[in-house]
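The chain contents come next:
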Amino acid sequence: PGMKDVGNDGTAKVISGFLNRALSMRVSCLIIVMVMTLPLFELVSFPENDFSLKFWTEEISDRKSIAANELDSLYDQMEEFFQSTSYYPYQVESQTSGVW
């Protein structure tokens, strides 16, 4: 009672097919939404690779032939840069003459 004639297929097959399509539609939509939204949470940690330590090492190495007061100025710039980060170089040493 209350159901239309489903032809040769049984009522259970019709309901099963309907539920299968509804479930697969919801699962596929959920997957699409997850693929679109999960990368948004990683934007907080962007960039994943921070090359600032390497940059400052190379910058000081490239400028090793400059005067000592200019080198101190460069160290001050580096210290100012790392004040806003949770990491920093714990020791900086340089030689003003000789081999590095």
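Rules used in this analysis
Residues numbered from 1 in each chain as written. Predicted model: local features only at pLDDT ≥ 70, side-chain atom pairs only at ≥ 80, totals over all residues. Heavy atoms only, no water. Helix = DSSP H or I, 4+ residues; strand = E, 2+ residues; numbered from the N terminus. Buried < 20%, exposed > 50% of the residue type's maximum accessible area, 1.4 Å probe, protein only. Contact = heavy atoms within 4.5 Å. Phe/Tyr/Trp six-rings, centres within 6.5 Å; stacked < 30°, edge-to-face > 60°. Core = buried A, V, L, I, M, F, W, Y, C linked by side-chain atoms within 4.5 Å. Patch = residues over 30% accessible without salt bridge, like charges linked within 9 Å, V, L, I, M, F, W, Y side chains within 5 Å. Areas by Shrake-Rupley, 256 points an atom, 1.4 Å probe, with all protein chains shown as cover. Salt bridge = Lys/Arg side-chain N within 4 Å of Asp/Glu carboxyl O. Lys, Arg positive; Asp, Glu negative; His and termini not counted. Charge placed at Lys NZ, Arg CZ, Asp CG, Glu CD. Expected span 1.5 Å × (residues − 1). Bend = angle between axes of the 7 residues up to and from the residue. Arc of directions from axis to C-beta.

1. Things to note about the overall build of the protein chain
- Looking only at helices and strands, one finds 3 helices and 0 strands in the protein chain.
- Listing the helices and strands of the protein chain from first to last along the sequence gives α-α-α.
- Burial analysis of the protein chain (100 residues in total) assigns 9% to the buried set.
- Residue pairs at least 24 apart in sequence account for 33% of intrachain contacts in the protein chain once pairs closer than 6 positions are excluded.

2. So, the packing of aromatic side chains
- As enumerated under the stated definition, the model contains 3 aromatic pairs in all.
- Ring centres 5.2 Å apart and planes at 75 degrees place the aromatic pair Phe55 and Trp56 in the edge-to-face group.
- For Phe55, a relative accessible area of 43% puts it in the partly exposed group.
- Residue class for Trp56 comes out buried when judged on its relative accessible area of 10%.
- Taken together through their ring pairs, the aromatic side chains of Phe55, Trp56, Phe81 and Phe82 make up a single cluster.

3. Things to note about the nonpolar core
- Trp56, Ile60, Leu71, Leu74, Tyr75, Met78 and Phe82 form the largest nonpolar core, which has 7 residues in total.
- Going through the elements one at a time, α2 (52-62) and α3 (68-82) are the ones with two or more residues in this core.
- Counting residues per element, this core draws most heavily on α3, at 5 residues.

4. With respect to a negative patch on the surface
- On the surface, Asp72, Asp76, Glu79 and Glu80 cluster together to form a negatively charged patch.
- Its location among the elements puts Asp76 in helix α3.
- Of the residues examined, Asp76 reaches a relative accessible area of 48% and is grouped as partly exposed.

5. Points about a nonpolar patch on the surface
- Together, Leu23, Val27, Ile31, Ile32, Val35 and Met36 make up an exposed nonpolar region whose accessible area comes to about 610 Å².
- Looking at the secondary structure, you find Val27 in helix α1 (residues 11-41).
- On the basis of relative accessible area, Val27 is assigned to the partly exposed category, the value being 40%.

6. Quick notes on the side chain of Ser52
- Residue placement: Ser52 occurs in helix α2.
- Judged by relative accessible area, Ser52 falls into the buried class, the value being 7%.
- When neighbours within four sequence positions are excluded, Ser52 is seen to be in contact with Phe81, Phe82 and Tyr87.

7. A look at α1
- Between its terminal C-alpha atoms α1 stretches 45 Å, which fits the 45 Å expected from 31 residues at 1.5 Å a residue.
- The largest bend in α1 comes to about 25 degrees, at Val35, with the proline Pro39 one to four residues further on.

8. Focus: α2
- Along α2, the residues that are buried comprise Ser52, Trp56, Glu59 and Ile60. Buried residues of α2, viewed axially, fall in a sector of 95 degrees; they line one side. Seen from the buried face of α2, the exposed residues on the opposite side, beyond 90 degrees, are Thr57 and Asp62.

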